[in-house]
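Commentary on secondary and tertiary structure
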Amino acid sequence: MFYPSKLPTYTLSAAAAAEVLMIRSSSRLCLIVSSLVFAFWASSASNAQDWTRFHGPNGSGYIADGKIPDSWTADDEAWSAELPGGGISSPVAWGDKVFLLAADPKTAVRHVLAYQLSSGKQLWDKTFDSVPHHLHKRNRFAASTPCCDEKFVYVAWSEPQHTTVSCLTHDGDLVWQRDLGRWQSQHGFATSPMLYEDFVIVFDSQQARQLKPGETAGESKMVALNRQTGQMVWETPLETTNVCYGTPCVYQPAGGAAQLVDANTGNGLFGLDPKTGKMLWNMKVFRSRCCSSPVVAGDLVLGSAGSGGGGNHLVAVRPGEEPTEAYRVERGAPYVPTSVVVGDMAFLCGDNGVATCIDVKSGEPHWTRRIGGTISSSPIVVGDKLLTIDMDGKATVLRAGKKFEKLGTADLHGNVQATPAYTQGYLLLRSENRLTAIGPKRL
């Protein structure tokens, strides 16, 4: 069944619904009923926005008009698919197709995968040979989240001597590959590409500190490739200190041109001209590594940094030719998880399982609560519900509001570091070796 990316509106009268129920005895008509019910459910979910990059639209992690349950069990799953390899790559989706990466933990062979959103059927599996190398114990050879548009899906990975960006069609055909050169990091690769107009943007941050004997410092840069050909459009050198992993987002100042913003240890929060790569501003506000991605909050950009040993901090900067620090949060700030902004609220999920809601203008907390174990997955907000998942696979659903309200829990039964996705009425959840959809079932 074809599932359009932009759904029409379906209206069923009571008489029509009764007639549908009366024809279920025919297998052929049952298929028609199944299609109608699925289309009606998806259209009534009201959200037809595609989830095309890490942490959703512009990296915000927020879908205003979607719906997710307070809790669920395996009986509520629309479908679940075993993946041909492990990983922490998050799913993305366009129309009726879901894309993500998996990899063999021993050989580092990478799988670029496509599944049908409405059924969970695997559409294709494109494999690429690679070279095994050292990773941080929480990292995987499939760590990067793809990005996609109406024609292509873009993926990235590295090995010590090569950093590869690939473009494939929605049918799995390779269109182009680009080698950005060697990769230096003691933790391994986890950078996710994103799209801006005709460009594929890659934050190629590398390591200069804590090198082993014989290792050479990497060269950090932001890179823009032509999304049709893979040719280099611009390349902006960045200060190389700690390897950082945030995916850029777009900041649109009032009355001004769009900016590409990101965060790293050396440059701090910074903004680039997305068409030329020119550095427009930067403010050195971080003491340590940036693993999370920045998010836009009105006229502010929020970024965070930290370490596995603590010292996490979130900083709000007001961009401009002379940027200013609006405030910083030293308690409850995340290191790995990216935050979510909803109106005048920002939701932070610390790696230690503590969730906080702050006033986005002042940084003052509305509430702080311990909700679970260690968290690496980034939270998302769908409608008025905040979803966060710890590394043991325990999902917690909270009210996304200024008063703390726990709504329910669920168990994904496995290691979870990937960030959930939401599209076309489906909640997509990736554990180490499995992709699961919560949403309308086919009859």
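Residues numbered from 1 in each chain as written. Predicted model: local features only at pLDDT ≥ 70, side-chain atom pairs only at ≥ 80, totals over all residues. Heavy atoms only, no water.

Describing the environment of Ala326
What counts, and what does not: Think of it this way: any DSSP run of H or I at least four residues long counts as a helix, any run of E at least two long counts as a strand, and we number them from the N terminus. By definition in these notes, contact holds between two residues if any of their heavy atoms fall within 4.5 Å.
Assignment of secondary structure puts Ala326 in strand β22 (residues 324–329). For the pair Ala326 and Gly363, spaced 37 residues apart in the sequence, the C-alpha separation amounts to 8.6 Å. Apart from residues no more than four positions distant in its own chain, Ala326 is found in contact with Leu300, Ala316, Val317 and Arg318.

Looking at the pattern of salt bridges
Just so we agree on the cut-off: Here, a salt bridge means any Lys or Arg side-chain nitrogen found within 4 Å of an Asp or Glu carboxyl oxygen. The classification of residues rests on relative accessible area computed with a 1.4 Å probe and restricted to protein chains. Under 20% of the type maximum is buried, over 50% is exposed, and intermediate values are partly exposed.
What the rule picks out here adds up to 14 salt bridges. The partner of Arg140 in a salt bridge is Glu432, with the nearest N and O atoms 2.9 Å apart. A residue pair is termed long-range when its members are at least 10 positions apart, and Arg140 in the loop between β6 (122–128) and β7 (147–148) and Glu432 in the loop between β32 (426–430) and β33 (434–438) qualify at 292 residues. Take Glu432: its relative accessible area is 15%, and that puts it in the buried class. Linking Glu325 and Arg328 is a salt bridge whose minimum nitrogen-to-oxygen distance equals 2.9 Å. Judged by its relative accessible area of 29%, Arg328 falls in the partly exposed class. One salt-bridge network, in which partners are shared between bridges, spans Arg287, Glu325, Arg328 and Glu330.

Things to note about the nonpolar core
Note the following rule: Grouping buried Ala, Val, Leu, Ile, Met, Phe, Trp, Tyr and Cys residues that are joined through side-chain atoms within 4.5 Å yields what is termed a nonpolar core.
Trp72, Tyr115, Leu387, Leu427, Leu428 and Leu429 are the most contacted members of the largest nonpolar core, which totals 32 residues. Sorting elements by how many residues they give to this core places β32 first, with four residues. Once residues lying within four places of it in the same chain are set aside, the contact partners of Leu429 are Trp72, Leu387, Ile389, Leu412, Pro420, Arg434, Leu435, Thr436 and Ile438.

Re the side chain of Asp359
The cut-off we apply is this: For the purpose of counting charges, residues Lys and Arg are taken to be positive, whereas Asp and Glu are taken to be negative. His and the chain ends are not included. Polar contact is the term for a pair of N or O atoms within 3.5 Å; when the atoms are in protein, one must be able to donate a hydrogen and the other to accept it, and sequence-neighboring residues count only if both atoms are side-chain atoms.
Note on placement: Asp359 falls in strand β25 (residues 354–359). One buried charge, Asp359, has no salt-bridge partner; the nearest side chain with opposite charge is Lys402, at 5.4 Å. Within polar-contact distance, the side chain of Asp359 engages the backbone nitrogen of Ser362 at 2.9 Å. Asp359 has contacts with Tyr327, Asp344, Glu364 and His366, leaving out every residue within four places of it along the chain.

Re the environment of Arg399
Assignment of secondary structure puts Arg399 in strand β29 (residues 394–399). Taking C-alpha positions, Arg399 is 9.5 Å from Gly383, a pair spaced 16 residues apart along the chain. Reaching out from Arg399, the side chain makes a polar contact with the side chain of Asp384 at a distance of 2.8 Å.

Some words on the side chain of Ser144
Relative to the helices and strands, Ser144 resides in the loop between β6 and β7. Judged by relative accessible area, which is 1%, Ser144 ranks as buried. One polar contact links the side chain of Ser144 to the main-chain carbonyl oxygen of Thr191, over a distance of 2.6 Å.

With respect to empty space enclosed by the protein
To locate leftover empty space, one rolls a probe as large as a water molecule over the atoms. So the rule is basically this: A cavity here means a set of 1 Å grid points, computed over protein atoms only, where a 1.4 Å probe fits but cannot escape. A pocket is an open set with protein on both sides within 12 Å along at least 5 of 7 lines, and lining residues have an atom within 4 Å of a point. Grid points are joined across faces, edges and corners, and a volume is the space filled by probe spheres set on the points.
Summed over all chains, the structure comprises three cavities of 30 Å³ or more. A volume near 60 Å³ is recorded for the largest cavity. Arg110, Arg140, Phe141, Ala143 and Phe189 are, among the 13 residues lining the largest cavity, the residues nearest its centre. It is strand β8 (residues 152–159) that contributes the most residues to the lining of the largest cavity, three residues altogether.

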